[in-house]
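# Structure at a glance
Chain by chain, the residues:
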Amino acid sequence: MEDQLADLLSTIALPAIAAGIFGGILAGLLGVGGGIVIVPALYFALSLTGMDPAQVMQLSVGTSLATIIFTSLSSSWGHYQRGAIDFDLLKLWGPSILVGVVLGGILGGIVSGLALIAVFAIVALLVALDMILRGGGDIDSPRSFSKPVWAFFGIIAGTISAMMGIGGGTVCVPLLNFLGYEIRRAVGTSAAIGFIIGLPGAITYILTGLGHEGLPPLSLGYVNLAAAVIIIPLTVIFARVGVAIAHRIPRRALRLTFGLFLLVTSLRMFTDLYGAI
C-alpha cells in the first residue's frame with residue numbers, strides 16, 4: 001500500500017501542482033472553477049499509473065469536482081467584493097442546477113470514459129468558437145425569460161458541467177454573456193455557481209465509484225484524496241490572483257482569453273479521443 005501510494009504521488013505531483021496553480025488563476029479569471037485545466041492534467045497523470053483506462057476519466061472528473069468546492073468559494077468571494085455576482089440569478093438557478101448536477105453525476109459515473117471525453121471536447125469547442133467570433137457583451141442588460149425557461153437552462157448547465165467535471169463557467173459564462181450579462185458579471189456569477197455544482201457533483205461521483213476495483217490508493221469512490229490535497233490549497237490561493245486580473249484587463253481581452261484557452265483544450269481532448277479509438 002505504501003509503495004503504491006509513493007508511486008502515485010511521484011506520478012501525479014507535478015501535474016497536480018501545475019493544475020492547481022493554473023486552474024486557480026483561470027477559476028478567478030474566467031469563472032470556470034479550474035476544472036477545465038484540472039481534468040486534462042489529472043487525465044494525463046492518471047493515465048501513467050497503469051489503472052484501467054475506462055476509469056481514468058471518471059476519477060479525473062470526480063476529483064476535479066471535489067477541488068472546485070473550495071476553489072469556487074475563494075473565487076466567488078473575490079468577485080463578490082467587486083460587486084460582480086447576481087444573487088437573484090443564483091436563487092433562481094440554484095434548484096434547477098442541482099437537479100442537473102445529480103443527473104450529470106449519475107450519467108458520468110455510468111457512461112464510458114470515451115463518451116465523457118467526447119462531451120468535454122465538443123462542448124469546449126462550441127463555446128470557444130462562440131466566445132472568439134461573437135462580439136458584444138460589454139453592456140449589462142440581461143434578457144427577460146420566464147422562470148421555466150431559466151430553469152431549463154440551469155438543468156442543462158448543471159448536467160453538462162457535472163459530466164465534464166467543471167465548475168459551470170465553461171457553460172454558464174458564455175450562456176449568461178449571450179443572455180445579456182456583461183462579461184465580468186457573467187464570470188463572477190458563474191464562479192459562485194461552481195460551489196452549487198461542485199459539492200453535489202463530488203458527492204455523486206464518490207457514491208457511484210464506491211466498491212470499484214483498480215482505483216489508486218486514497219480514492220474515495222471516484223475522488224482521489226491525494227490529488228485533491230495537492231490541488232486545493234493552490235487553487236484557493238491563485239484564484240484570488242485570477243480575480244484581480246479579470247477586473248483589470250479589457251472586457252474583449254477577457255472574452256478572447258476564455259475562447260482561446262477553450263479552443264486549445266478542446267483540440268487536445270479531440271487528439272486524446274482519436275488516439276483512444
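Residues numbered from 1 in each chain as written. Predicted model: local features only at pLDDT ≥ 70, side-chain atom pairs only at ≥ 80, totals over all residues. Heavy atoms only, no water.

Helix and strand counts for the chain stand at 10 helices and two strands. Along the chain direction, N to C, the helices and strands of the chain fall in the order α-α-α-α-α-α-α-α-β-β-α-α. Here the analysis covers contacts within the chain between residues at least 6 apart in sequence; of these, 84% occur between residues at least 24 apart. Here the chain has roughly 11,300 Å² of accessible surface; of this, 72% comes from carbon and sulfur atoms. Computing the positive centroid from 13 side-chain charges and the negative centroid from 12, the chain places the two 18 Å apart. (Helix = DSSP H or I, 4+ residues; strand = E, 2+ residues; numbered from the N terminus. Contact = heavy atoms within 4.5 Å. Areas by Shrake-Rupley, 256 points an atom, 1.4 Å probe, with all protein chains shown as cover. Lys, Arg positive; Asp, Glu negative; His and termini not counted. Charge placed at Lys NZ, Arg CZ, Asp CG, Glu CD.)

Before going further, it helps to spend a moment on the UniProt feature "transmembrane region" (unreviewed entry) in the chain. Mapped onto this numbering, the UniProt entry gives "transmembrane region" (unreviewed entry) at residues 12-45, 57-77, 97-129, 149-179, 186-207, 219-241 and 253-271. End C-alpha atoms of residues 12-45 are separated by 5 Å, and the span's content is 88% helix alongside 0% strand. Across residues 57-77 one finds 100% helix and 0% strand; the C-alpha atoms that close the span lie 30 Å apart. (UniProt positions renumbered as here; feature names shortened; annotations may be inferred.)

Enumeration over the complete set of coordinates arrives at five aromatic pairs. Here Phe-152 and Phe-153 contribute two aromatic rings whose centre-to-centre distance is 6.3 Å and whose plane-to-plane angle is 50°, an arrangement assigned as tilted. When its relative accessible area of 22% is taken as the criterion, Phe-153 is described as partly exposed. (Phe/Tyr/Trp six-rings, centres within 6.5 Å; stacked < 30°, edge-to-face > 60°. Buried < 20%, exposed > 50% of the residue type's maximum accessible area, 1.4 Å probe, protein only.)

So, about unusual backbone geometry. The phi torsion at Leu-218 lies on the positive side, around 60°, for a residue other than glycine. Its location among the elements puts Leu-218 in the loop between helix H8 (183-209) and strand E1 (219-220). Since its relative accessible area comes to 40%, Leu-218 is described here as partly exposed.

Moving on to a nonpolar patch on the surface. Together, Leu-73, Phe-195, Leu-199, Ile-203, Leu-207, Leu-210, Leu-218, Leu-220 and Leu-225 line one region of the surface with nonpolar side chains, adding up to about 760 Å² of accessible area. Ranked by residue count, the leading element in the nonpolar patch is H8, at four residues. Along the polypeptide, Leu-225 turns up in helix H9 (residues 225-246). The exposure class assigned to Leu-225 is partly exposed, which follows from its relative accessible area of 39%. (Patch = residues over 30% accessible without salt bridge, like charges linked within 9 Å, V, L, I, M, F, W, Y side chains within 5 Å. Salt bridge = Lys/Arg side-chain N within 4 Å of Asp/Glu carboxyl O.)

Attention now moves to the pattern of salt bridges. Tallied over the entire structure, the rule returns one salt bridge. One salt bridge connects Asp-86 with Arg-185, and the closest N-O pair in it is separated by 3.4 Å. Note that Asp-86 is positioned in the loop between helix H3 (53-80) and helix H4 (87-110) and Arg-185 in helix H8, a separation of 99 residues in sequence.

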